[in-house]
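Here are the chains, one letter per residue:
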Amino acid sequence: MAIAIPVDRKADELRRLVFKRYRWIDRKWDFMFWFTAAFVVAAAADITRLLFAGDWDFWTDWKDREWWMTITPFATIIIPSALQFIQWRAWRFPTGATYTACCVFVAAWIGRVVQWKFFVNYPMNFVWPATWIPAGILLDFLLLETRSFIVVSVIGAGLWTLAFWVSNYAILAPFLQPVHFMGHTLTVADVQGITYIRAQTPEYLRVIERDSLRTFLQETQYVSLAFGTVLAIFGYWVGQFIGRYLAVWPIGRFLKQI
Amino acid sequence: MEEIVQSARAPEAVRERQPEVYDAPRVPGKGPIDWMGGWKWGLLAVPILLGAAAVFRVYQGFTALSIGTDSSTPQFFWYYEFLVAVEIGIVGLFTILWWGWIIRSAKRLPEALGMVISRREEVRRIAVFWGLVGATSVNLYIEASFFPNQDGAWHQTLVRDTAFTPSHDPMFYFFFPLGVTLAIGTYLYGRTRLPAVYGAWKGFPWSFFLLIAATVTEVAQVAMNEWGHSVNLGNAGAEEFFSVWFHWPFVLYGWLAGGIFALWGETILRLYQIEKDEEEGVSPVEAATATVTSR
């Protein structure tokens, strides 16, 4: 007995479009775009991180509860947000943040290994870069589920900040173990900072995390996470501006004839 | 049906009312979308640029810590200050030769002789254009990630006593100006080879305006950066912070490079139009006429 399957004309039309054969457009164009775009995406994301929050990302002893947690989510969400807009607008791909996180992961590790380890000889367990990949996956998942940049900016910024902290805390935790060093109780990260001298950074015996926020004790990181979220919402819209007006809006637009 | 002409020598065509269609010779393996055809320069540019960065890095590996730490020595002059002049000379010479070739050879293009190019030839040019855009992208990575990482590592480790430190040399004086050369060169290629997208009659594209602004102002920002460091503003004496205000313009100019996505967008739309014309059997002459009359 034949079963009648209703044909969704729109879906059928889209399916035919996906599998359409062109004379010149083939997979090489996809490859060249995704491969070469990865470089500029990594560049924009890494320079934003380096020059807005780099000091807190370079060293284990600078990865503190106060500034690292507050500034880094803001600096790191900007380019993923821009790529979310570009990829969603162009292909309806909810992959922009993850793509950016993966690009910058490779670029940052190349930078740290080639430059920080083999150029000036710092060990990798002192200068490892923070990862954004879990945060990126969550941000993209939220866009896929809500299909709203406004919702992603508000809830996603909080998720981004929290996921950034959780995923990197797992890596950082061993360096926060207490050690007895020259009559003082310090962390392993502090001892790294003292052992591997950075002649041009602030005095190496200084406690990076300071000011009165420390009076909150264990609450410090939650206060920082909350403020980091607020800043990340702002950062998300900076990224949206880049994606909308610096990357997509100029398509087919021209200045006055010269 | 396309009327195929195998060479560009046809001044008679200029005098004819119906322009002839130029198509490049068909060489196996070197077609418009073959890796060694239209994509050749896109494929070669990536290893060339990354190779250049690797050569600089190896040079620094042998000389930076032994010679590059004291700018007052004669060795420093020969290994690092003279290197700046060599770098600027190489980039300058490359710029003159490449831009000169693009502009001069444009006068010998079939279009300049009154012909119309085939769709196949236009697709090849778009592939070459994507290769140049890709090269600019790779150069931006070297400018904004590979060497800035080194700059941070170097300056937080050693005293800054010159603007020509080993970490600045390849970044500021080779890859930064090369970025300007690549961005403007890509525009010149687009303007002369892809008139349907970037023809002079359309005006100056916003996409290139943003990308060129990013590369030009990145070079200009070097001056502000060095000035900022020279007076140690915001840098608490001799201490070296990376996240200081006079570094932030580097980030802003990195964002302007977002215009590069518009280049991909504009040319892929043209590619779809070419495919549509092919599907509908529109002759290249008709398509070219439609493009011109839509001004």
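Nothing here was measured: the structure is a model prediction, and the numbers come from that model.

Cut-offs and rules
- Residues numbered from 1 in each chain as written.
- Chains lettered and ligands numbered in written order.
- Predicted model: local features only at pLDDT ≥ 70, side-chain atom pairs only at ≥ 80, totals over all residues.
- Helix = DSSP H or I, 4+ residues; strand = E, 2+ residues; numbered from the N terminus.
- Contact = placed C-beta atoms within 7 Å.
- Buried ≥ 20, exposed ≤ 12 C-beta atoms within 10 Å, placed from the backbone.
- pLDDT = per-residue confidence, 0-100.
- Pairing = 2+ DSSP bridges.

Turning next to the overall build of chain B. Counting its secondary structure elements, chain B contains 10 helices and 3 strands. Ordered by position from N to C terminus, the α and β elements of chain B give β-α-β-α-α-β-α-α-α-α-α-α-α. Counted over contacts in chain B with a minimum sequence separation of 6, partners at least 24 positions apart contribute 78%.

Moving on: the overall build of chain A. Across its full length, chain A holds 9 helices and 2 strands. Expressed as lengths along the three principal axes of its C-alpha atoms, the size of chain A is roughly 85 × 50 × 45 Å. Every one of the 258 residues in chain A was classed for burial, and the buried ones make up 45%.

Another aspect to go through is the confidence of the model for chain B. Residue and element names in this part refer to chain B. This prediction gives chain B a mean pLDDT of 89; 89% of its residues lie at or above 70. Between residues 1–10, whose pLDDT stays under 50, and residues either more than four places distant or in other chains, the model counts 22 contacts. Both scores are given for the predicted complex: the pTM is 0.91, the ipTM 0.91.

In this section: unusual backbone geometry. Residue and element names in this part refer to chain A. For Arg 92, which is not a glycine, the phi torsion comes out positive at approximately 60 degrees. With respect to the element layout, Arg 92 can be found in the loop between helix H3 (68–91) and helix H4 (96–117). Given 9 C-beta atoms within 10 Å, Arg 92 falls into the exposed group. The phi dihedral of Arg 147 falls on the positive side, at around 50 degrees, and the residue is not glycine. On the basis of neighbour count, Arg 147 is assigned to the exposed category, with 12 C-beta atoms found within 10 Å.

All names here are of chain A. With 4 bridges connecting them, strand E1 (residues 178–181) and strand E2 (residues 184–187) associate as antiparallel partners. Paired with Val 179 across the two strands is Leu 186, which belongs to E2. Here E1 folds back onto E2 in antiparallel fashion, the turn holding 2 residues, of which Met 182 has a positive phi close to 50 degrees.

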